[in-house]
Amino acid sequence: MDVSNTLIISYAVFSFFLFYQQLHLKNFQGASEVFVIILGIFTLGGMLFSLGFLIYWGYKVSWLQAAALFGVGFFFQIIWFPFEAKLGLSNSYWVISLAGFIALPVSGYFMWTTLP
(Lines give C-alpha, C1' and ligand atoms only; values in the text may rest on other atoms or scores of the structure.)
Protein backbone atom coordinates (compact mmCIF):
# COMPACT_ATOMS: atom_id res chain seq x y z
CA MET A 1 0.00 0.00 0.00
CA ASP A 2 1.44 3.33 -1.04
CA VAL A 3 1.11 6.50 0.98
CA SER A 4 -1.30 8.86 -0.78
CA ASN A 5 -0.39 12.41 -1.71
CA THR A 6 -3.30 13.58 0.44
CA LEU A 7 -1.76 11.97 3.50
CA ILE A 8 1.73 13.29 2.78
CA ILE A 9 0.51 16.86 2.27
CA SER A 10 -1.95 16.85 5.16
CA TYR A 11 0.62 15.36 7.56
CA ALA A 12 3.27 17.91 6.49
CA VAL A 13 0.77 20.76 7.00
CA PHE A 14 -0.33 19.33 10.34
CA SER A 15 3.22 18.98 11.67
CA PHE A 16 4.12 22.46 10.38
CA PHE A 17 1.31 24.22 12.21
CA LEU A 18 1.72 22.05 15.30
CA PHE A 19 5.37 23.10 15.49
CA TYR A 20 4.37 26.76 15.44
CA GLN A 21 1.73 26.24 18.12
CA GLN A 22 4.33 24.54 20.31
CA LEU A 23 6.71 27.45 19.69
CA HIS A 24 3.96 29.96 20.49
CA LEU A 25 3.13 28.15 23.72
CA LYS A 26 6.80 28.01 24.70
CA ASN A 27 7.34 31.74 24.04
CA PHE A 28 3.90 32.98 25.14
CA GLN A 29 4.15 36.42 26.73
CA GLY A 30 0.54 37.54 26.56
CA ALA A 31 -1.59 38.51 29.49
CA SER A 32 -4.51 36.20 28.77
CA GLU A 33 -4.42 33.14 30.97
CA VAL A 34 -7.50 31.79 29.21
CA PHE A 35 -5.80 31.95 25.82
CA VAL A 36 -2.64 30.21 27.02
CA ILE A 37 -4.79 27.43 28.48
CA ILE A 38 -6.69 27.06 25.18
CA LEU A 39 -3.42 27.11 23.25
CA GLY A 40 -1.97 24.51 25.60
CA ILE A 41 -4.98 22.22 25.28
CA PHE A 42 -5.00 22.59 21.49
CA THR A 43 -1.26 21.91 21.28
CA LEU A 44 -1.48 18.88 23.56
CA GLY A 45 -4.42 17.55 21.54
CA GLY A 46 -2.45 18.03 18.32
CA MET A 47 0.57 16.24 19.72
CA LEU A 48 -1.53 13.32 20.95
CA PHE A 49 -3.39 13.10 17.63
CA SER A 50 -0.13 13.14 15.67
CA LEU A 51 1.51 10.52 17.86
CA GLY A 52 -1.62 8.36 17.90
CA PHE A 53 -1.97 8.64 14.15
CA LEU A 54 1.61 7.54 13.51
CA ILE A 55 1.31 4.63 15.95
CA TYR A 56 -1.98 3.52 14.42
CA TRP A 57 -0.61 3.86 10.88
CA GLY A 58 2.47 1.89 11.83
CA TYR A 59 0.43 -0.86 13.48
CA LYS A 60 -2.22 -1.14 10.74
CA VAL A 61 -0.22 -0.33 7.62
CA SER A 62 3.56 -0.08 7.97
CA TRP A 63 6.03 1.15 10.57
CA LEU A 64 8.33 2.19 7.76
CA GLN A 65 5.61 4.37 6.25
CA ALA A 66 4.86 5.88 9.66
CA ALA A 67 8.54 6.74 10.10
CA ALA A 68 8.61 8.15 6.56
CA LEU A 69 5.62 10.38 7.34
CA PHE A 70 7.38 11.69 10.43
CA GLY A 71 10.45 12.32 8.27
CA VAL A 72 8.40 14.17 5.65
CA GLY A 73 7.01 16.51 8.32
CA PHE A 74 10.49 17.12 9.71
CA PHE A 75 11.99 17.63 6.24
CA PHE A 76 9.25 20.12 5.31
CA GLN A 77 10.07 22.18 8.40
CA ILE A 78 13.81 22.14 7.63
CA ILE A 79 13.10 23.34 4.09
CA TRP A 80 10.78 26.09 5.41
CA PHE A 81 13.13 27.67 7.98
CA PRO A 82 15.46 29.39 5.47
CA PHE A 83 12.41 30.87 3.71
CA GLU A 84 11.06 32.02 7.07
CA ALA A 85 14.33 33.78 7.82
CA LYS A 86 14.56 35.35 4.36
CA LEU A 87 10.98 36.63 4.58
CA GLY A 88 11.61 38.05 8.06
CA LEU A 89 8.92 35.93 9.68
CA SER A 90 11.03 34.65 12.58
CA ASN A 91 9.21 36.82 15.12
CA SER A 92 5.80 36.26 13.54
CA TYR A 93 5.47 32.68 14.73
CA TRP A 94 2.35 33.64 16.67
CA VAL A 95 0.52 34.52 13.42
CA ILE A 96 1.24 31.08 11.98
CA SER A 97 0.24 29.57 15.32
CA LEU A 98 -3.13 31.34 15.23
CA ALA A 99 -3.71 30.07 11.68
CA GLY A 100 -3.09 26.63 13.14
CA PHE A 101 -6.42 26.80 14.97
CA ILE A 102 -7.99 26.30 11.54
CA ALA A 103 -5.23 24.40 9.73
CA LEU A 104 -4.79 21.67 12.35
CA PRO A 105 -8.38 20.41 12.37
CA VAL A 106 -8.62 20.63 8.57
CA SER A 107 -5.36 18.79 7.93
CA GLY A 108 -6.19 16.37 10.74
CA TYR A 109 -9.49 15.60 9.03
CA PHE A 110 -7.71 14.82 5.76
CA MET A 111 -5.26 12.61 7.62
CA TRP A 112 -8.19 10.82 9.23
CA THR A 113 -9.84 10.17 5.87
CA THR A 114 -6.77 8.23 4.73
CA LEU A 115 -6.97 5.72 7.59
CA PRO A 116 -7.65 2.14 6.49
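Report on the accompanying structure. (Residues numbered from 1 in each chain as written. Predicted model: local features only at pLDDT ≥ 70, side-chain atom pairs only at ≥ 80, totals over all residues. Heavy atoms only, no water.)

**Section: the overall build of the protein**
To keep things clear, this is the line we draw: Helix and strand labels come from DSSP, where a helix needs a run of H or I of at least four residues and a strand needs a run of E of at least two; each type is numbered from the N terminus. Our radius of gyration looks at C-alpha atoms and nothing else; its globule reference is 2.2 Å times the residue count to the power 0.38.
Along the backbone of the protein there are 4 helices and 0 strands. Going from the N terminus to the C terminus, the protein shows its helices and strands as α-α-α-α. A compact globule built from 116 residues should have a C-alpha radius of gyration of about 13 Å, and the protein, at 15 Å, falls within 12% of that. Dimensions of the protein, computed from the C-alpha atoms along their principal axes, are close to 45 × 35 × 20 Å.

**Some thoughts on the packing of aromatic side chains**
Cut-off, in case you're wondering: Pairs were defined over the aromatic rings of Phe, Tyr and Trp, the Trp ring being its six-membered one, requiring ring centres within 6.5 Å. Orientation was assigned from the angle between planes: stacked under 30 degrees, edge-to-face over 60, tilted for the rest. The classification of residues rests on relative accessible area computed with a 1.4 Å probe and restricted to protein chains. Under 20% of the type maximum is buried, over 50% is exposed, and intermediate values are partly exposed.
What the rule picks out here adds up to 13 aromatic pairs. Seen in terms of ring centroids, Phe19 and Tyr20 are 5.3 Å apart; in terms of plane orientation they differ by 85 degrees. Their pairing is edge-to-face. The exposure class of Phe19 is partly exposed, given its relative accessible area of 25%. In this structure Tyr20 comes out as buried when scored by relative accessible area, which is 0%.

**Observations regarding a nonpolar patch on the surface**
The criterion, for reference: Patch membership is restricted to residues that have no salt bridge and whose relative accessible area is over 30%. Joining uses 9 Å for like charges and 5 Å for the nonpolar side chains Val, Leu, Ile, Met, Phe, Trp and Tyr. Residue burial considers only the protein chains on display, and all accessible areas are found by Shrake-Rupley using a 1.4 Å probe. Salt bridges are defined by distance alone: a side-chain nitrogen of Lys or Arg within 4 Å of a carboxyl oxygen of Asp or Glu.
There is a patch of nonpolar side chains on the surface, built from Leu51, Ile55, Tyr59 and Trp63 and spanning about 500 Å² of accessible area. The topology assignment puts Trp63 in helix H3 (residues 63-86). A relative accessible area of 52% means that Trp63 is categorised as exposed.

Note that all results are geometric; they support no functional claim without further evidence.
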